[in-house]
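Coordinate inspection notes
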Amino acid sequence: MASNKDELLGKDLEELENYMISIGQAAFRARQIFKWIYTKEVNSFYDMSDLPRELRKKLDAIAQISIPRVLKQRVSNDGTRKYLLELRDKKRIEGVLIPQGSGKDSRYTICVSTQVGCPVGCSFCATGQSGFQRNLDYYEIIGQILGSRRELKRKLKSNEENIISNVVYMGMGEPLLNYDEMIKSIYMLNHPKALGIGQRHITVSTAGEVKGIKRLANEGMQLTLAVSLHACDDILRNHLVPLNRKYPLSALIEAIEYYISVTNRRVTFEYVLMDEVNISKQDAQNMIRLLKPLLANVNLIPYNEVAGLGYTKPSWPKIQQFFGWLAEGGLNVTLREEKGSDIMAACGQLRAGYSNIYRN
Ligand code: SAH
Ligand code: SF4
C-alpha cells in the first residue's frame, strides 16, 4: 500500500541530516538514526532509545523505515537459508543466505532480488516463467539485506554486524533492467557507515543487457560482473535467453570487452548445464572459440530442475566430460557447488509469492 510517510531507508547520512534539519531538528540526530538502521536493523522509532520521546512520536507520524518483514524461512541441510520477505505493497520476494565456511565465525553471502518476477523470461528459469510484476526501489533492495540480517542474527543469537560479507545480485529479476535503483543500492552497500561491503565483494549478474553493461563499466567501480551465457550460438541463445534477440552474442561480447578494458576486471560467465540442450562437444568448441580471447572465468552450474519447464540436469559423467573439454581447451573453468537445492533456494528457483513450499 502506498504511504504518504517519508521513507528514511536508503537516505545517505547527508540526506538524513538535511531531512532532520528540514523538520526542525539537530543534524546529529541523523547519525543516531543511521546507526540504529544499519547496525541494529531497527525500523521502529520507538525502539531508538537515545532519541527524545517527543521526537520518536513525531517521526513515527511522518516517516517510516521500510525494512521488509521475513514472513517465512527454510533452512537447508547445508545451512543455506531461504527467506520469504514481504514488501510494503504486500508483494513477496525471496532472498537466500549462503554460509561461507562453517562454525561460529561463518559469514554469509546474500543473494538479492532487484525485481518482483523478471521481464526477460528465460525458458528454463522459474522467476522468468512467473512473469514480471514490478521493479524494486533501491531502499527495498537494501531492506532485503537488513531484514534478512536481522532475522539471521536473531536466529544465530549473533551481534556480528559483518555477518553478511558478500552480496550477489542473482536473486529474482534482471539487475541491469532496473539500473538506477540497483546502482543506488550498491552505493549504500558500499558506504562505510551504512553496510560497508567492499566493491570486490559485490557481484552483479546479468542475462546480457548490453546498454547496462556499458553503463556499469563507466561507474568506475571494482564490482564483479557475471554474465549468464548458457549458449554460444545465437539460435540456441535466442531460445534460452530471449534478450539475445535484442542483443546477439556479437553485441554482448563487444560490451564485455568494453567492460574489461575500462575496469580491468575479469568477468565471470555463468553457464547452466542442461541435458541434451547445451553440453555437446560442439557447444564446448563454440565456447572455447568465443571466450578464450577474453581471459574470463567460466562457472558451470548444473541445472536446478523446475517442475513443468521440461529441462533436466545432466548425469555426473556428462557434466565431467563437458568440464574436461573446456579445461583442455584452455578455459579457466569451475563447477559451482550447489547450495540449498533441497529447499529450492538455488539459482533460478526463486519465484514471486511462492509461499506454499515453506514449512514452518
Ligand atoms: N537475471 C540475472 C540474475 C538472476 S538469475 C541473470 O540472469 O543473470 C541468476 C543465475 O541463475 C543466472 O545465471 C541464471 O541463468 C541462473 N538460473 C536461472 N534458472 C536456473 C535454474 N533453474 N538452475 C540453475 N541456474 C539457473
Ligand atoms: Fe530473468 Fe535471470 Fe531468470 Fe533470465 S535467468 S528470467 S534474466 S532472472
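Residues numbered from 1 in each chain as written. Chains lettered and ligands numbered in written order. Predicted model: local features only at pLDDT ≥ 70, side-chain atom pairs only at ≥ 80, totals over all residues. Heavy atoms only, no water.

Our next topic: the site of ligand 1. In the vicinity of ligand 1 there are 20 residues, among which Gly173, Ser205, Ser228, His230 and Asn304 approach most closely. Between ligand 1 and the protein, one listed contact pairs a nitrogen atom with a backbone N or O atom of glycine 173 at 2.9 Å. Interatomic distance of 2.6 Å between a side-chain N/O atom of histidine 230 and an oxygen atom of ligand 1. Within the complex, 96% of the 530 Å² of free accessible area of ligand 1 lies under protein. (Near = heavy atom within 4 Å. Polar contact = N/O pair within 3.5 Å; in protein donor to acceptor, adjacent residues only side chain to side chain. Areas by Shrake-Rupley, 256 points an atom, 1.4 Å probe, with all protein chains shown as cover.)

Our focus in this paragraph is the packing of helix α5 (residues 138-156) against helix α6 (residues 179-190). Relative orientation of the contacting elements α5 and α6 amounts to 45°, with a least axis distance of 8 Å. Classified by the angle between their axes, α5 and α6 sit oblique to one another. Classified by chirality, the crossing of α6 by α5 is right-handed. Taken together, the residues of α6 that come into contact with α5 (itself represented by Tyr138, Ile141, Ile142 and Ile145) are Glu181, Met182, Lys184, Ser185, Met188 and Leu189. In terms of residue class, the contact of α5 with α6 is made up of seven nonpolar, one polar and two charged. (Axes fitted to C-alpha atoms, helices over the stretch in contact; angles between N-to-C directions. Helix = DSSP H or I, 4+ residues; strand = E, 2+ residues; numbered from the N terminus. Parallel < 35°, antiparallel > 145°, perpendicular 65-115°, else oblique. Left-handed = near helix turned anticlockwise from the far one by under 90°. Contact = heavy atoms within 4.5 Å. Nonpolar A, V, L, I, M, F, W, Y, C, P; charged D, E, K, R; others polar.)

Direction vectors running N to C along helix α7 (residues 210-217) and helix α9 (residues 249-263) enclose 5°, while the axes themselves pass 9 Å from each other. In terms of axis orientation, α7 runs roughly parallel to α9. On α9, the residues that touch Val210, Ile213, Lys214, Leu216 and Ala217 of α7 are Ala251, Leu252, Glu254, Ala255, Tyr258, Tyr259, Val262 and Thr263. For the contact of α7 with α9, the per-class residue count stands at ten nonpolar, one polar and two charged.

A word on the site of ligand 2. Looking at ligand 2, the residues that line it are Cys118, Val120, Gly121, Cys122, Cys125, Gly128, Gly173 and Ala207. Of the residues assigned to the shell around ligand 2, the class counts are five nonpolar, three polar and no charged.

Let us look at the confidence of the model for the protein. Averaged over all residues, the pLDDT of the protein is 91; the fraction at 70 or higher stands at 92%. Note that pLDDT drops below 50 for residues 352-360; the model gives that stretch 26 contacts with residues more than four away or on any other chain. (pLDDT = per-residue confidence, 0-100.)

The tally for this structure, following the rule as stated, stands at 17 salt bridges. Among the salt bridges present, the one from aspartate 275 reaches lysine 318, with a minimum N-O distance of 2.8 Å. Remark: lysine 318 occurs in helix α11 (residues 316-328) and aspartate 275 occurs in the loop between β12 (268-273) and α10 (281-291); sequence separation between them is 43 residues. Take aspartate 275: its relative accessible area is 18%, and that puts it in the buried class. Sharing partners across several salt bridges, the network here consists of Arg69, Glu86, Lys90 and Arg92. (Salt bridge = Lys/Arg side-chain N within 4 Å of Asp/Glu carboxyl O. Buried < 20%, exposed > 50% of the residue type's maximum accessible area, 1.4 Å probe, protein only.)

Interface extent is often summarised as the accessible area lost during association of the parts. Domain annotation of the protein identifies domain 1 (6-64) and domain 2 (69-357). For domain 1 versus domain 2, the distance between C-alpha centres works out to 33 Å. Listed by partner, the interface residues are 13 residues for domain 1 and 14 residues for domain 2. Here domain 1 packs against domain 2, burying approximately 1,300 Å² in sum over the two surfaces, 59% of which is carbon and sulfur. (Domains from an automatic or database assignment. Buried area = accessible area lost by both parts, 1.4 Å probe.)

Attention now moves to the nonpolar core. In this structure, Tyr38, Tyr169, Leu216 and Phe322 are the most contacted members of the largest nonpolar core, which totals 111 residues. For this core, the leading source of residues is α5, giving seven residues. For leucine 216, the contacting residues outside a window of four places in its chain are Leu176, Tyr179, Met182, Ile183, Val204, Leu223, Leu225 and Tyr259. Counting residues in hydrophobic clusters, the runner-up holds five residues, among them Cys111, Val168, Met170 and Ala226. (Core = buried A, V, L, I, M, F, W, Y, C linked by side-chain atoms within 4.5 Å.)

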